[in-house]
Each structure stands twice: as structure tokens, then as C-alpha cells.
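# What the coordinates show
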Amino acid sequence: MFSIFRKTRQLEQNIDAFLDLILKSALAFRVALKAYLSGDRTTFEEKVQEIDSLEAQADGLRREVENTIYAEMILPESRGDVLALLENSDDVLNQIADTIVEFRTENPAFPLDLHGHLLELVDASMEAVEQMVLAVQAYFRDLLAVRNLITKIIFYEKETDRLGERIKRSLFQRDDLTLAEKMHLRTFVQYLQQIADQAEDLGDRISIYVIKRMV
Amino acid sequence: MIWFYLTSGLFLGWSLGANDAANVFGTAVATRMVRFTTAAWIASLFVMLGAVIGGAGPAATYGKLGAINAMGGAFTVALSAALVVAWTVRLGLPVSTTQAIVGAIVGWDLFAHRPVPLGTLSKIMVTWVASPVLAALFAFTLNHLIRRTLPYLRMHLLMQDLMNRAILVMIGAFGAYSLGANNIANVMGVFVTSNPFRDLYIQGIQILSAQQVLFLLGGAAIATGIFTYSQKVMMTVGRELFRLSPVDAWVVVLAESLVLFLFSSHNLQHWLLSHRLPAPPLVPVSSSQAVVGAVIGIGFARGGIRAIRYEILGQIALGWILTPAVGGLLAFLLLFVMQNVFQQMVVLP
């Protein structure tokens, strides 16, 4: 009995640690993008490395949690939902990591007057991710809090749509960029929007899982 | 010959273990929250404890219904009940050993030209109706209480899972104890008057009374049923129950166990009477029907009147009449055959 209790506690801590890694990645992403736009390559490179390492740690933790849930036959009823939550949260983290690597690889050159809008977009997108992490934590601990958090995810996802749209419109209205450059920059705006989209998809899933647990 | 006569009772015990252990440990085993061997050991131990410690009350009620004074008669009555139980299992109806054996005892009364104690009979029959209704009421109330409080405890999902496992085992043990205490009368009740055993002494100290030895044997038969055949039934019953959430599943088992306990505990009866509260009679009731009642109670809490499945209620109500009627008729016929064809003593003058 005590060993099951210990294993459950350990599993709980691993899930929390996994979610913390996603939060840290979102924070590092904000700093990395600010550094990138301000031309601070050293900080940017540091943060890219940091996100890469956080992603690797999260993969390891997620696998460990999944194996334990199956091996110890924990949560027979909702293990499918829990595994889907963890995998989809991991997908969001992968999207963050992929996006930052794309910035490093392709070096998109955003016009200076769009930097402010772009940082707003990054903030909204990362805010959606942070609320998503809180919603996943609430799914485990406090079902009553989930609803408010999902409302916030939806709000920030809509914000990324609005901000992204504004940047894209502004990009395609200007004459100082070639069509190829405009399309290149647009792809990066879409990457940032996709992160919030994935966070919103996960929020939708959580609301279904909460209903399943409440019924 | 004594052992041969006891076989029909032992068979009833085996069938009770095979069928009814699923009502207390089905969910836990079917969902792999508890291993079958663990569940079987706990259920067997507590069924035997319940039978030996708390089985006297419900068995005494059967004694009032018909004091079967010949081993041959007790054998035939138990055999008739066993055949009726086997028949209801085949029909897929919620099994009720108690209804079959009550019918069979009344069959013996009629065969032996003894007056049928209508007062006791009606008291028993009222409990048949009351037990699923009470189980539904308990499940409904427990469901409300738990649903209201659980979200405010802010317990981690994993801790809730662990708590569910622990509760399923504890309630399973309580359910097994209540099942043993309440239902041992169905298995060995008819042998009480013609009990062939003596009090058990170890180094001059009485360990068990003769009746407790008889009940221990019945408990062992139930345990054999649990170990040899209940796994399959547990998987079926458990999956049916586990369409509910894990919390609802243990609420159902708890409601059922409380009903069994209510109709078998001397101490609870004394306590209720001393507080001038209505106390239920100590009568064996059907655990399967109590489970059905509890599931309906949960469904009612969730979906209101729509959740009630009338065809199942109809089956149960039909069982209240049909099972004892068939049991009585069969007992009467078999007693006639035993006495006149096999020349066995089924009634002592």
C-alpha cells in the first residue's frame, strides 16, 4: 500500500515537472524572440539551446509517466484522456521548439516598424500556452477552475488571430519587400499563430474530459 | 450420509460464492484496480467471518419459517433451491437464492402439514421489496453527498484513483462480511435444526458453537465458489457496473453492502430499537437485486425518472413471485420423491 502511495506521489510530481518544463519553454521563447528582434544573438542562442534541452527533458518525463500509468495499471478509466493530454501538451512544446529553430535557421528579417506587433503576437501566443498549462494542471487538481482557464485560452487564441491578421495585412500592403520576402515572413506569423491554435485545441479536449469526469 | 445430505447446501454455497462475490468485488476486479486473487482472498476471509460472527440473526428467521427437523428434508429443500437458482441463472435473471429457499421451506411446511407462519413469510417478502428500494435510496443519497463534496476537496486525479482503489477494497471487505452474515442462512439455514455438528472446543475453551461450525463450513463452500468460478462473473458484472464512474461504482457497492448489513446485524437492530427507531427484521435478502436497486438509484440521481429501466424492475418483481412459487412446488415434489421413492426420512414426527 505504501509503495503504491509513493509511486502515485512520484507520478504526480513527474506530471507537474513535465508541465513546468512547458511553462519554462514558453517563458524562454518570449525572451528568445525579444533577443532575436533586438539583435542580441548571444541571448537568442542561449535560449534556443535552453528550449532544446527543455524539450528533450519533457520527452523523457512524458515517456516515463506514460509507462508508469500503463505498467502500474493506474487510472483504468481515464488513462486514455490523461495520455492524450500529455501527448498534446508535448505537441505544443514541440511546436515552440520547432518555431524557434526555424527562426535560427531561416533568419526572417521583419521590418523594424512591425517588431512591436510581432512581440504582442508572441506574448498572446505564449499567454495561451501558459493558460493551457494551468488548465491541464486544473484538470488534475481542481475541475472547478478549468472553465475560467479555457475561456482565457480562447481569448488569447483570438488575440493571436487578430494580431497575426494585422501583421499579415500590413506585410502585404507595403512596397519595400518582395513577394517572396512577404510570404517568408507570413510563414513565421503563421508559426506563432499555430502555437496558440494547438493550445486552444487542447483546451477544447480538456473541456470534454472534464464533462466526462463530472458525469 | 451426513456429508451427502450437506452437499446440496454446499452446492448452494458454491453457487452463492460464484455469483454474488461479483456484486462486492466485480468492479474492482473488472477494472483491474484489484487483482482477482487479492479480491478472492479478501472476499473469502470476510464472507467466512460474516457467516460465523453475524449469521445467526437471518438464520433464526428461517427457523421460524420452517424448522426442518430431518437432514433428508433439509437436503431436499436446499437441492430444490439450488435447482431453481441454476434455472434463474440460465434465464439471465438477477439471481436470488433467498427467494428460492424461502419458497422451498414453505414447500416443506406444506409437505409436513405444518402451518405456514404467514406473519414471518410476509415480513420476509416485505424485505424483498424493501431491499432494492433501500439500496436505491442509499445510492441516491450517497451519490449526492459525494458529488457535492468531491470537487471541493481539490484532490489530484491520481490520488483520487488511489483513494478509489483503497475504498473499493475496504467496501469490498465490508460487503463480503455483510454478504456472509446475511446470506449464510440461504446456504446452511435449513440445516440448523438438524445440525449434525457439535460445539468446537480447543483446550477446554469453546471456540465455535455447533451452528457456527455449520456456518464456517458454508462459508468455506462460498469461498470455493469465489475461487473457482467468480472471476468470470466478476468480469461481466464489473463491466456492467463500470459503465458508471469509479466513484459511482463504489457507491453502488456501499449501498448494497449497507442494505445487506442492515438486514443482518443484531447490534444495529439493538441500537435502532434502543433509540426508538424502526429496526428492520434480520432476513436474508438478494444482493443482486440490491445492486440493481443501487444502480437505479444512481441513474435516478443522474437522469431522473428516465433512468429507470422498467423491464429489469419487472423481472425482479416477477422473481418475487415466480422464484418462491417454483421453489415451493419443486421442494414439495422432491420431498415426495425422497420419502416415497428413496425411502428417506424428510420429516420427523
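Residue positions are given per chain, counting from 1 as you read along its sequence in written order. Working convention: letters from A go to chains and numbers from 1 go to ligands, in the order in which they are written. Residues qualify for local features only when their pLDDT is at least 70, as the model is predicted, and side-chain atom pairs are given and counted only at 80 or more; totals for whole chains, interfaces and linings, by contrast, use all residues. Excluded from the side-chain calculations are hydrogens and water; all other atoms, namely the structure's heavy atoms, are used.

Our next topic: the confidence of the model for chain A. Values of pLDDT, which run from 0 to 100, indicate the predictor's confidence residue by residue. In the predicted model, chain A carries a mean pLDDT of 94, and 99% of its residues have values of at least 70. In this text, helices come from DSSP runs of H or I with a minimum length of four residues, and strands from runs of E with a minimum of two, each type numbered from the N-terminal end. Mean pLDDT values over the elements of chain A span from 93, in helix α1 (residues 2-38) of chain A, up to 97, in helix α4 (residues 115-141) of chain A.

What follows deals with the packing of helix α3 (residues 56-65) of chain B against helix α7 (residues 157-188) of chain B. Residues and elements named next belong to chain B. In contact at an axis separation of 7 Å, α3 and α7 are set at 30° when each is read in the N-to-C sense. Like other packed secondary-structure pairs, α3 and α7 cross with a definite hand, here right-handed. Between α3 and α7, the residues in contact are P58, A59 and Y62 and A181, N182, A185 and N186, respectively. Of the residues belonging to the contact of α3 with α7, the class tally is five nonpolar, two polar and no charged. Angular values range over 0 to 180 degrees, each being the angle between N-to-C directions of two axes fitted as lines to C-alpha atoms, with helices fitted over their stretch in contact. Left-handed describes a crossing in which the near helix is turned anticlockwise from the far one by less than a right angle; the clockwise case is right-handed. Contacts between residues were defined by any pair of non-hydrogen atoms, one from each residue, lying within 4.5 Å. Polarity classes work like this: nonpolar for Ala, Val, Leu, Ile, Met, Phe, Trp, Tyr, Cys and Pro, charged for Asp, Glu, Lys and Arg, and polar for all others, with Gly in that last group.

Looking at where V133 of chain B falls in the secondary structure, it is placed in helix α6 (residues 118-153). Partly exposed describes any residue whose relative accessible area lies between the buried limit of under 20% and the exposed limit of over 50%, with all areas from a 1.4 Å probe on protein chains only and scaled to the type maximum. Take V133 of chain B: its relative accessible area is 54%, and that puts it in the exposed class.

Quick look at the environment of L200 of chain B now. Residues and elements named next belong to chain B. Inspection of the secondary structure assignment puts L200 in strand β1 (residues 200-202). Judged by relative accessible area, L200 falls into the partly exposed class, the value being 36%. When neighbours within four sequence positions are excluded, L200 is seen to be in contact with I205, Q206, I207, L208 and V213.

Right, let's get into the side chain of N23 of chain B. Relative to the assigned elements, N23 of chain B resides in helix α1 (residues 2-30). Leaving out residues up to four positions away in the same chain, N23 of chain B has contacts with V237, V253, E256, S287, S288 and V291 of chain B.

Another aspect to go through is the side chain of E66 of chain A. Along the chain, E66 of chain A turns up in helix α2 (residues 41-71). In this structure E66 of chain A touches L83 and E87 of chain A, once residues within four positions along its chain are discounted.

Another aspect to go through is helix α11 (residues 287-303) of chain B. All names here are of chain B. A helix is expected to span 1.5 Å for every residue after the first. The terminal C-alpha atoms of α11 lie 24 Å apart, and with 17 residues this matches the ideal 24 Å at 1.5 Å per residue to within 8%. Most of α11 is tucked away: twelve of the 17 residues are buried. Among all positions of α11, only S287, S288, Q289, A290, V291, V292, G293, A294, I296, G297, I298 and G299 are buried.

Residues and elements named next belong to chain B. Pairing between β1 and strand β2 (residues 205-208): three bridges, direction antiparallel. Bridge pairing links I202 to I205 in β2. Here a strand pair is declared whenever DSSP counts at least two bridges between the two strands. What sits between the antiparallel neighbours β1 and β2 is a turn of two residues, in which Q203 has the positive phi angle 50°.

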